[in-house]
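Given next are the chains, with one letter for each unit.
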Amino acid sequence: MKFGGTSVGSAARISATADIIEAASRPTVVVLSAMSGVTNALLAIASGEDDRDAVLDKHLAAARELGVEADTADTLRTILGNAVTPAETVACGELMSTRLMHAVLQKRGIDAVWLDATDFVSVDATGEPDIDAICRNAASVFSAAGEHDVYVTQGFICRDEKGCVATLSRGGSDYTATLLGEALGATEVQIWTDVDGVYTADPRRVNTARCIPGMSYATADTAARRGAKILHPDCIRPAMRGGFAVRVLDSFHPEASGTEISPTAAQAQGFVAVASTVTPAGTVEVSLIGNREGVGTAEVAALLGYEAMQGDGFIYATVDAGFADEAMRMLHNAFIE
Ligand code: ADP
Ligand code: ASP
Ligand code: MG
């Protein structure tokens, strides 16, 4: 179960997320992001801004509200106080959010252990996850921890090939969750977030977007790679290798059925979603994900007034940033069933 920043963004959200964990089947591995806004604040601190006190106070206030200040205050202070390098500083967000959650679960009488993800998630010299090492090290750390109902650990943070603390790319907690799913032989990985599944477009940008109940690995992988920010671009690959389902769920509405990504999910057909990514040049690649007989680059180009290209499982056009949202709406209205 992976919970993103908004799902642990305040004392109230941490409590609601603890309710979801408490109701889940056991044993379960819980992967948490930093409280929302904290990674950005830590990146600013790592580049010289001194606002450590504000970050510490945010966590201490949450601890107080959750009734776990006595168990966590010293640990939270030590985490921030020990961070020296920029990466160690950025890693504090996940270390602190998981300490809070662990204390809350223990206070509820749940058999939960806290594990340090930098002991088993590592990247190679190119910055890509070292899959063999993760499988080996996760198996040994989890078995050394013994049998417990809940294992709480951090998304996003890892070690590099020299053994120094490092991080995956932004939004990397999704990737940590599926990498661990692969390493530990999970039957399902749940990505709990602030929207009730993968939509046909970012619902903040296209108000007619709707939730997609089921997707194949290939379609979800394409959507993630083409910029559907709800999933880290690389997070579907471990699920493909491991053969487990990825379920996207809403921590604000835990009863909603969400999106199932698996070979057996009822799969969306035709054009499934639109997504966008910003290029290094500052333009935006707007993608129409899926395939439909009779619709190709010519139809997309005619609609948008920009040249369109065919990718593997998607059609895209590179547009000016100011036109991107409008282009997404146009593609969505014209081609998504
Ligand atoms: P978390 O902190 O839980 O990882 P993110 O902000 O990374 O959450 O991802 C969730 C957000 O992704 C949603 O609030 C939504 O605005 C955005 N989003 C972008 N594309 C999509 C999509 N196709 N379906 C759903 N949400 C999307
Ligand atoms: N906290 C990290 C980020 O903001 C990782 C994540 O949220 O997935 O990028
Ligand atoms: Mg995310």
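Residues numbered from 1 in each chain as written. Chains lettered and ligands numbered in written order. Predicted model: local features only at pLDDT ≥ 70, side-chain atom pairs only at ≥ 80, totals over all residues. Heavy atoms only, no water.

(A) Quick peek at the nonpolar core. By size, the foremost hydrophobic cluster in this structure holds 116 residues, and its most contacted members are Leu105, Phe120, Leu231 and Ile261. Looking at this core, the element that brings in the most residues is helix α5 (residues 86-107), giving 10 residues. Leu231 has contacts with Asp174, Val198, Ala220, Ala224, Ile236, Val248 and Ile261, leaving out every residue within four places of it along the chain. (Core = buried A, V, L, I, M, F, W, Y, C linked by side-chain atoms within 4.5 Å. Buried < 20%, exposed > 50% of the residue type's maximum accessible area, 1.4 Å probe, protein only. Helix = DSSP H or I, 4+ residues; strand = E, 2+ residues; numbered from the N terminus. Contact = heavy atoms within 4.5 Å.)

(B) Inspection of the sheet that holds strand β2 (residues 28-32) at higher detail. Taken together, eight strands build an open sheet; the order of strands is β3-β4-β2-β1-β7-β9-β10-β8 and the sheet is mixed. Two strands lie at the open edges of the sheet, namely β3 (112-114) and β8 (214-215), each paired on one side alone. On the sheet, α5 packs against β2, β3 and β4 (150-154) and is oriented at approximately 160 degrees with respect to β3. (Pairing = 2+ DSSP bridges. Axes fitted to C-alpha atoms, helices over the stretch in contact; angles between N-to-C directions.)

(C) Representation of the pairing of strand β12 (residues 284-290). When you tally the buried positions in β12, you get seven out of seven residues, the bulk of the element. Both strand β11 (residues 271-278) and β12 contribute to a ladder of seven bridges, which runs antiparallel. Across the sheet, the residue bridging to Val278 is Val284, located in β12. Counting the residues that bridge the hairpin from β11 to β12 gives five residues, and of these Gly282 lies at a positive phi of roughly 90 degrees. Two strands pair when backbone bridges link them, and β12 and strand β14 (residues 314-319) are joined in this way by six bridges, in the antiparallel orientation. Paired with Val284 across the bridge in β14 is Val319.

(D) Up close: the site of ligand 1. Lining the immediate surroundings of ligand 1 are 16 residues, of which Thr193, Asp194, Tyr199, Arg204 and Lys229 lie closest. Contact between ligand 1 and Tyr199: a nitrogen atom at 2.8 Å from a main-chain N or O atom of the residue. A distance of 2.8 Å separates an oxygen atom of ligand 1 from a polar side-chain atom of Lys229. Computed on the free molecule, ligand 1 has an accessible area of 570 Å², of which 89% lies beneath the protein chains in the complex. Per-class residue counts for the shell around ligand 1 are seven nonpolar, four polar and five charged. (Near = heavy atom within 4 Å. Polar contact = N/O pair within 3.5 Å; in protein donor to acceptor, adjacent residues only side chain to side chain. Areas by Shrake-Rupley, 256 points an atom, 1.4 Å probe, with all protein chains shown as cover. Nonpolar A, V, L, I, M, F, W, Y, C, P; charged D, E, K, R; others polar.)

(E) Structural detail: the sheet that holds β14. Pairing is antiparallel across the open sheet formed by four strands, whose spatial order is β11-β12-β14-β13. The open sheet terminates on both sides in strands that have one partner only, identified here as β11 and β13 (308-311). Put simply, the sheet's adjacent strands are angled 25 degrees from each other on average, direction ignored. Bridging between β13 and β14 involves four bridges; their strand directions are antiparallel.

(F) The arrangement of the site of ligand 2 in detail. Taken together, Ser33, Ala34, Thr39, Glu94, Phe156, Arg170, Gly171, Gly172 and Ser173 form the complete shell of residues around ligand 2. Note that an oxygen atom of ligand 2 is positioned 3.4 Å from one of the backbone N or O atoms of Gly172. The contact in question runs from an oxygen atom of ligand 2 to an N or O atom on the backbone of Ser173, over 3.0 Å. The protein chains hide 85% of the 260 Å² of surface that ligand 2 would expose on its own. Its residues assigned to classes, the shell around ligand 2 comprises two nonpolar, five polar and two charged.

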